[in-house]
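Spelled out from the first residue to the last, the chains are:
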Amino acid sequence: MTVPFGDPLRQYNAMQPEIDAAASNFFRSGSYMLGLHVQAFEREWARAVGGAHGVGVGNGTDALLLALRAAGVGPGDEVITVPNAAGYTAFALRIIGACPVYADVDPQRWTLDPADVVHRITPRTK
């Protein structure tokens, strides 16, 4: 079975008037950071996922930083991760003073191997 790739042009063509109007409204507002559009996105996202609040961030590294801090990870802590998650996880950990600990990747699923995690846990693991 072949899983087809997304078709952004088809998606755009299906909603072109709405997308063009939203983009035009956004650019004409002159408010690109922390403005009304971001606030509206945060409210709509929180509602969509059933949360009380939503926080828009500039990139995935910022999102990882917020999640790690919310989980109580800080200087000297160790976090078990995988080496195939690009460098952004390690980068976010280093920014807050924590240390990445790499576990093996499950060869069938290409995700964190739970059996190897058990061997990597220390008193500093968060």
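This text goes with the structure placed above it.
Computed from a predicted model, the values in this text were never measured in an experiment. Residue positions are counted from 1 within each chain, in the order its sequence is given. The predicted origin of the model limits local features to residues at a pLDDT of at least 70 and limits the giving and counting of side-chain atom pairs to 80 or more, whereas totals for whole chains, interfaces and linings rest on all residues. The side-chain numbers reported here are obtained from all heavy atoms of the structure, hydrogens and water having been left aside.

**Focus on the side chain of Thr-61**
Here's step 1: Runs of H or I in DSSP of at least four residues are treated as helices and runs of E of at least two as strands, each being numbered from the N terminus. Position of Thr-61 among the secondary structure elements: in helix H4 (residues 60–70).
Here's step 2: Throughout, exposure labels follow a simple rule: accessible area from a 1.4 Å probe, protein chains only, divided by the maximum for the residue type, with under 20% read as buried, over 50% as exposed, and the rest as partly exposed. Its relative accessible area of 12% is what places Thr-61 among the buried residues.
Here's step 3: Contacts between residues were defined by any pair of non-hydrogen atoms, one from each residue, lying within 4.5 Å. Setting aside its immediate chain neighbours within four residues, Thr-61 contacts Tyr-88, Phe-91 and Ala-92.

**Points about the pattern of salt bridges**
Here's step 1: Within this document, salt bridges are pairs made up of a side-chain nitrogen of Lys or Arg and a carboxyl oxygen of Asp or Glu, the two lying within 4 Å of each other. Enumeration over the complete set of coordinates arrives at four salt bridges.
Here's step 2: Close ionic contact of Asp-77 with Lys-126 constitutes a salt bridge, the shortest N to O distance being 3.8 Å. Taken as a pair, Asp-77 in the loop between H4 and strand S1 (78–81) and Lys-126 in the segment after helix H6 (114–120) lie far apart in primary sequence, 49 residues in all.
Here's step 3: Taking relative accessible area as the criterion, Asp-77 reaches 15% and is therefore assigned buried.

**Structural notes on the side chain of Glu-78**
Here's step 1: Here Glu-78 is to be found in strand S1.
Here's step 2: The exposure class assigned to Glu-78 is buried, which follows from its relative accessible area of 12%.
Here's step 3: Polar contacts involving the side chain of Glu-78 include one to the side chain of Thr-122, which spans 2.7 Å. Two N or O atoms count as a polar contact when they lie within 3.5 Å, although within protein this holds only if one can serve as hydrogen donor and the other as acceptor, and sequence-adjacent residues are included solely when both atoms are side-chain atoms.

**Considering the environment of Glu-18**
Here's step 1: Tracing the backbone shows Glu-18 in helix H2 (residues 16–29).
Here's step 2: Between the C-alpha atom of Glu-18 and that of Ser-29, which follows or precedes it by eleven residues, the distance is 17 Å.

**Focus: unusual backbone geometry**
Here's step 1: With a phi angle near 60°, Leu-34 is a residue other than glycine that sits in the positive phi range.
Here's step 2: Inspection of the secondary structure assignment puts Leu-34 in the loop between H2 and helix H3 (36–49).
Here's step 3: The backbone phi angle of Trp-110 is positive, close to 60°, even though this residue is not glycine.
Here's step 4: Inspection of the secondary structure assignment puts Trp-110 in the loop between strand S2 (99–102) and H6.
Here's step 5: Given the relative accessible area of 63%, Trp-110 is considered exposed.

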